[in-house]
Amino acid sequence: MPEHRSAAWPLTWVAVALVVYATLHPLTGWQWPASHGFTWVLPKHRHEVANDLVGNILGYLPLGLILCLAHLRSGRSALWAVPLTLLPASALSYGLELAQFALPNRVPSITDWMLNTLGAAWGTLAAVTVHALGLVDGWHRLRERWFIPQAGMGLVLLWLWPLGLLFPPPLPLGEGQLWPHVRLALVDWMADTPWQAWLLPDDPLSLWASVNMSGVSAMWAGPIEALTVAAGMLAPLCLACAVARSPRPRLVMWTALVLSAIGASVLSAALNFGPPHAFSWVTLPTSVGLLVGAAGGMLLVQRSRMTCAVLGVGVLLALIGLIHLAPLDPYYAQTLQAWEQGRFIRFHGLSRWFGILWPYVALIWLLTRLWVREERPAANP
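Residues numbered from 1 in each chain as written. Predicted model: local features only at pLDDT ≥ 70, side-chain atom pairs only at ≥ 80, totals over all residues. Heavy atoms only, no water.

A. Main features of helix H3 (residues 78-99). Over its 22 residues, H3 runs 31 Å from end to end, which matches the ideal 32 Å to within 8%, given 1.5 Å per residue. Among the residues making up H3, those that are buried are Ala81, Thr85, Ala89, Ser90, Ser93, Leu96, Glu97 and Leu98. (Helix = DSSP H or I, 4+ residues; strand = E, 2+ residues; numbered from the N terminus. Expected span 1.5 Å × (residues − 1). Buried < 20%, exposed > 50% of the residue type's maximum accessible area, 1.4 Å probe, protein only.)

B. Molecular detail of the packing of H3 against helix H4 (residues 110-132). Two elements in contact, H3 and H4, have axes whose closest approach is 9 Å; the angle formed by their N-to-C orientations is 155°. Relative to H4, the element H3 lies roughly antiparallel. The two elements H3 and H4 meet at a crossing, and its hand is right-handed. Between H3 and H4, the residues in contact are Ala78, Val82, Thr85, Leu86, Ala89, Ser90, Ser93, Tyr94 and Glu97 and Asp112, Trp113, Asn116, Thr117, Ala120, Ala121, Thr124 and Val128, respectively. Residue composition of the contact of H3 with H4, grouped by class: nine nonpolar, six polar and two charged. (Axes fitted to C-alpha atoms, helices over the stretch in contact; angles between N-to-C directions. Parallel < 35°, antiparallel > 145°, perpendicular 65-115°, else oblique. Left-handed = near helix turned anticlockwise from the far one by under 90°. Contact = heavy atoms within 4.5 Å. Nonpolar A, V, L, I, M, F, W, Y, C, P; charged D, E, K, R; others polar.)

C. Main features of the nonpolar core. Grouped together as the largest cluster of nonpolar side chains are 44 residues, with contacts concentrated most on Phe147, Leu158, Met233, Val243, Trp358 and Leu366. Elements represented by at least two residues in this core include exactly helix H6 (152-164), helix H10 (218-243), helix H11 (247-273), helix H12 (284-299), helix H13 (305-325) and helix H15 (348-371). Here this core gets twelve residues from one element, more than from any other, and that element is H10. Setting aside anything within four residues of it in sequence, one finds Val243 in contact with Trp146, Phe147, Ile148, Ala151, Gly154, Leu155, Leu158, Met253 and Trp365. Membership of the second largest hydrophobic core comes to 15 residues, among which are Leu63, Ala120, Leu160 and Phe354. (Core = buried A, V, L, I, M, F, W, Y, C linked by side-chain atoms within 4.5 Å.)

D. Spotlight on the environment of Ile262. In this fold, Ile262 is placed in helix H11. Each C-alpha atom of the pair Ile262 and Pro172 lies 9.4 Å from the other, and the pair is 90 residues apart in sequence. Once residues lying within four places of it in the same chain are set aside, the contact partners of Ile262 are Trp281 and Leu290.

E. Seen up close, the side chain of Thr12. For Thr12, the location among the structural elements is in helix H1 (residues 8-24). Residue Thr12 is classed as buried on the basis of its relative accessible area, which comes to 5%. Contact partners of Thr12, with chain neighbours within four places excluded, come to Leu63, Ile66, Leu67 and Ala70.

F. Spatial organisation of a nonpolar patch on the surface. Together, Met153, Trp353, Leu357 and Val361 make up an exposed nonpolar region whose accessible area comes to about 300 Å². Judged by its relative accessible area of 32%, Val361 falls in the partly exposed class. (Patch = residues over 30% accessible without salt bridge, like charges linked within 9 Å, V, L, I, M, F, W, Y side chains within 5 Å. Areas by Shrake-Rupley, 256 points an atom, 1.4 Å probe, with all protein chains shown as cover. Salt bridge = Lys/Arg side-chain N within 4 Å of Asp/Glu carboxyl O.)

G. Looking closely at H6. In this model, H6 (13 residues) spans 19 Å end to end at C-alpha, consistent with the 18 Å of a helix rising 1.5 Å per residue. By the criterion of burial, H6 is predominantly enclosed, with ten of the 13 residues buried. If you check which residues of H6 are buried, you get Gly152, Gly154, Leu155, Val156, Leu157, Leu158, Leu160, Trp161, Pro162 and Gly164.

Here you go:
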């Protein structure tokens, strides 16, 4: 019988990556701190902002919760799981606070470290409580009935998918537009070389226009948008059907993913354009694409996991191609600039990279499932 791979450990690494990103954002301007400006004893600052205090606690609470659950799921007792959670979380916070000495825009603080440790402690307490109530064992039994043993990373991808939609994509559900970011990285690496002028136009925001088919006529704009939305909706549905054992959990996840797609798109539009424009993303091509993608997912409910995985690979490749060819929304660059400079500066990068990298990580995971086929009982269809 194959060993179940818990989703808690992949989620732990995701939580660590998010904490590192949020603590060291914007990850630029690094400089070696002067000897008189660095100290192993973190300083105490007089002025503390209430939002920062709450953010420092809430930022480490999920890390403590997930890491402690990972230890408990690995068979460790609560007496071992608690210190094995609190000590690494506190050490991570302390190390990141020291790293802020090298960032001019960040201020290290012993208060932040104490609040981070307190947040991890609250998360650890929640994990021990949930485990003591038997909720973790209940989820484990449900997962054994509903999902394949190797579903851990697949479930993590499904849980993270809606977060990538909160950063406004070029088209609704259109995740995976990676080339502009790769191009910007190449510009940094090739600074002061003859290739820089070719890589970077006068207006950096026009990168998003330069990767699109500027010659696409208005006649094709609608179909491309509809196909992109359909692929964006169908991709997570294929992934869900590839990890679920039977039609029942597939129907449950179909409902959850379709509602998540709509809810995340509404929330993203409301955050960026204001509540009156929460449904501004709903157009005829978008509605058609959403319907086609959802209907395609429903047709997969009775199909085999191998068929769903193969189709998922094709859909993800189509999504990646379409999102780089889709005609540019004239408001997208303006929205992008608002996220870069506006009130979302602490959050935008996390959601943005979720949306950019999700199709590629999902594609790799599905390919590994096709390459390494799981053992299954003869009675299991």
